[in-house]
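# Chain and residue survey
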Amino acid sequence: MKELIDIASKFEISGKVLKVNHLGEGLINDTYKVFVEGSEKPKYVLQRINNAVFQDVDMLMDNICKVTNHIRNKGKNTLQFIYTKDGKSYYFDGEKYWRLMVFVSDSITYQTVTPEYSYIAGKSFGEFESLLSDLNEPLGEIIPNFHNIEFRLHQLREAVAEDKVGRAKEVRYYIDKIEKRAERMTLGERLFREGKLPKRICHCDTKVNNMLFDKDANVLCI
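Calculation notes
Residues numbered from 1 in each chain as written. Predicted model: local features only at pLDDT ≥ 70, side-chain atom pairs only at ≥ 80, totals over all residues. Heavy atoms only, no water. Buried < 20%, exposed > 50% of the residue type's maximum accessible area, 1.4 Å probe, protein only. Helix = DSSP H or I, 4+ residues; strand = E, 2+ residues; numbered from the N terminus. Pairing = 2+ DSSP bridges. Phe/Tyr/Trp six-rings, centres within 6.5 Å; stacked < 30°, edge-to-face > 60°. Lys NZ or Arg CZ within 6 Å of the ring centre and 35° of its normal. Patch = residues over 30% accessible without salt bridge, like charges linked within 9 Å, V, L, I, M, F, W, Y side chains within 5 Å. Areas by Shrake-Rupley, 256 points an atom, 1.4 Å probe, with all protein chains shown as cover. Salt bridge = Lys/Arg side-chain N within 4 Å of Asp/Glu carboxyl O.

## Points about the pairing of strand S3 (residues 44–49)
With respect to burial, S3 is a largely interior element, six of its six residues being buried. Side-chain alternation along S3 places Tyr44, Leu46 and Arg48 on one buried face and Val45, Gln47 and Ile49 on a second face that is also buried. Where strand S2 (residues 30–36) meets S3, five bridges bridge the pair, whose relative direction is antiparallel. Considered in S3, the bridge of Thr31 is made with Gln47. In terms of strand pairing, S3 meets strand S6 (residues 97–102) through six bridges, oriented antiparallel. Bridged to Ile49 within S6 is Tyr97.

## Quick word on the environment of Val104
Locating Val104 in the fold gives a position in the loop between S6 and helix H3 (115–131). Distance from Val104 to Gly15, taken between C-alpha atoms, is 17 Å for residues 89 residues apart in sequence.

## A word on the packing of aromatic side chains
Following the criterion strictly, the structure yields seven aromatic pairs and no others. With 5.9 Å between their ring centres and 50 degrees between their planes, Tyr117 and Phe213 make a pair best called tilted. One end of the pair, Tyr117, is in helix H3; the other, Phe213, is in strand S7 (residues 212–213), and 96 residues separate them in sequence. For the residue pair Tyr117 and Phe213, the accessibility class agrees, reading buried in each case. A network of ring pairs unites the aromatic residues Tyr90, Phe92 and Tyr97 as a single cluster. In this structure, Lys19 packs its charged tip against the face of Phe35, placed 4.7 Å from the ring centre. In this arrangement the basic side chain of Arg152 is found over the ring face of Phe146, its NZ or CZ atom lying 5.0 Å from the centre.

## Notes on a nonpolar patch on the surface
A cluster of nonpolar residues, Leu27, Ile28 and Val53, forms a patch on the protein surface that exposes about 300 Å² of accessible area. For Leu27, the location among the structural elements is in the loop between strand S1 (17–22) and S2. Accessibility expressed as a relative area gives 83% for Leu27, which makes it exposed.

Here you go:
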């Protein structure tokens, strides 16, 4: 607890940090609620960035700050990150990387995917992409080829060919279904190489639980 309090205190926050409690069900990063003096509700969210997954933390945080600042400048709700006392978007303690953001009060998340929430997610992520359509600042590719379908198909075919544990025959139906759609699935990559489809900003993790809602199920922010 004291270690987390000390880390949170490295950021430009208002009030003395009193306690830090675990938050959420995320699998990649470790996330905590930060309580400060004079407030009964959490004030900030502290997050340990998993640098085994996101190896270029500088690029990661540069991307996030550009995106959130652009959306905020359009008057829309978005996450607000707090910089460290020496002006950085994250804190490195010599071993781990940390970032801090403002806690969105009275917000909830949903883990269950329903037709209603799927519709809301589609509409909200569509607006998110639209808001970024005129972002002219360059963004970096954090995990190269992560969403490159040609690359993923190549990996799949290698795995099927090796069939290390003899399971390919059990899922042949699904493998065949994918192969029948392979040309269509890789159309985006081909059109980009031909100069017919420009690269655009994508969220690429468009899940319902990556959205914050108010108590009336209205979307607060992505």
